[in-house]
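Residue-level structure breakdown
One-letter residues, chain by chain:
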Amino acid sequence: QVQLVESGGRLVQAGGSLRLSCAGSGRTFSAYAMGWFRQAPGKEREFVSAITSSVTRYADSVKGRFTTSRDNAKNTVYLQMNSLQPEDTAVYYCAARPGTWSTTPGLYQYWGQGTQVTVSS
């Protein structure tokens, strides 16, 4: 069982930066692939990034602007978001699944409650 809690979302102006955190529980946190997803109003949940112990992947829409990292000693995953744009406005979720990463939300077993990111123009 893994419990996830996101934090760090807030209102920011276009061009600004935010760092989201996802704190996880569980002794085997390092064994999980961690994903970041987002969901804007009226849209489906979409993949943002994923990280394992050896691999990091990004959606094309955030590549070069967002960076994900993890600190297994702290059971925490981060999403550094730079050059934010209004289209980045969404609820951001972190998720965990054992083994390898995936871009498919349905393949992740554990989810946080989400944190709201709003980018004003």
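Here is a short report on the structure shown in this document. Just so it is clear, the structure is predicted and the values come from calculations on it, not from any experiment.

1. Describing the pattern of salt bridges
As enumerated under the stated definition, the model contains 4 salt bridges in all. Of the charged contacts in the structure, one is a salt bridge between Lys63 and Asp60, with a shortest N-O distance of 3.2 Å. Asp88 is the partner of Arg65 in a salt bridge, and the nearest nitrogen-oxygen pair spans 2.8 Å. Taken together, the residues Arg65 in the loop between strand 6 (56-58) and strand 7 (66-71) and Asp88 in the loop between strand 8 (76-81) and strand 9 (90-98) connect sequence positions 23 residues apart. What emerges from the salt-bridge pattern is a single network uniting Arg38, Glu46, Arg65 and Asp88.

2. Some details on the environment of Leu20
Residue placement: Leu20 occurs in strand 3 (residues 18-24). With 47 residues separating them along the chain, Leu20 and Thr67 place their C-alpha atoms 10 Å apart. Here Leu20 is in contact with Ser7, Gly8, Gly9, Trp36, Val77, Tyr78, Leu79, Met81, Tyr92, Thr115 and Val117, once residues within four sequence places are set aside.

3. Here's the deal with the packing of aromatic side chains
In this description, an aromatic ring pair is defined by two values, namely the gap between the centres and the angle between the planes. Inspection of every chain in the model, using the stated rule, returns 7 aromatic pairs. Pairing Tyr32 with Tyr110 gives two aromatic rings, centres 6.1 Å apart and planes at 70 degrees, and the pair type is edge-to-face. In this pair, Tyr32 sits in strand 4 (residues 32-39) while Tyr110 sits in strand 10 (residues 110-111), placing the two residues 78 residues apart along the sequence. With centroids separated by 5.1 Å and ring planes inclined at 75 degrees, the aromatic side chains of Phe37 and Tyr108 adopt a geometry described as edge-to-face. With Phe37 in strand 4 and Tyr108 in the loop between strand 9 and strand 10, this pair connects stretches of sequence that are 71 residues apart. With respect to class, Phe37 is no different from Tyr108; both count as buried. Cluster of aromatic residues (ring-pair linked, three or more members): Phe37, Phe47, Tyr93, Trp101, Tyr108 and Trp111. Note that Arg45 overlies the ring of Tyr93, its terminal NZ or CZ placed 3.8 Å from the centroid. Note that Arg45 overlies the ring of Trp111, its terminal NZ or CZ placed 4.8 Å from the centroid.

Each value, and the rule that gives it
- Residues numbered from 1 in each chain as written.
- Predicted model: local features only at pLDDT ≥ 70, side-chain atom pairs only at ≥ 80, totals over all residues.
- Heavy atoms only, no water.
- Salt bridge = Lys/Arg side-chain N within 4 Å of Asp/Glu carboxyl O.
- Helix = DSSP H or I, 4+ residues; strand = E, 2+ residues; numbered from the N terminus.
- Contact = heavy atoms within 4.5 Å.
- Phe/Tyr/Trp six-rings, centres within 6.5 Å; stacked < 30°, edge-to-face > 60°.
- Buried < 20%, exposed > 50% of the residue type's maximum accessible area, 1.4 Å probe, protein only.
- Lys NZ or Arg CZ within 6 Å of the ring centre and 35° of its normal.

On their own, these measurements won't tell you what the molecule is for.
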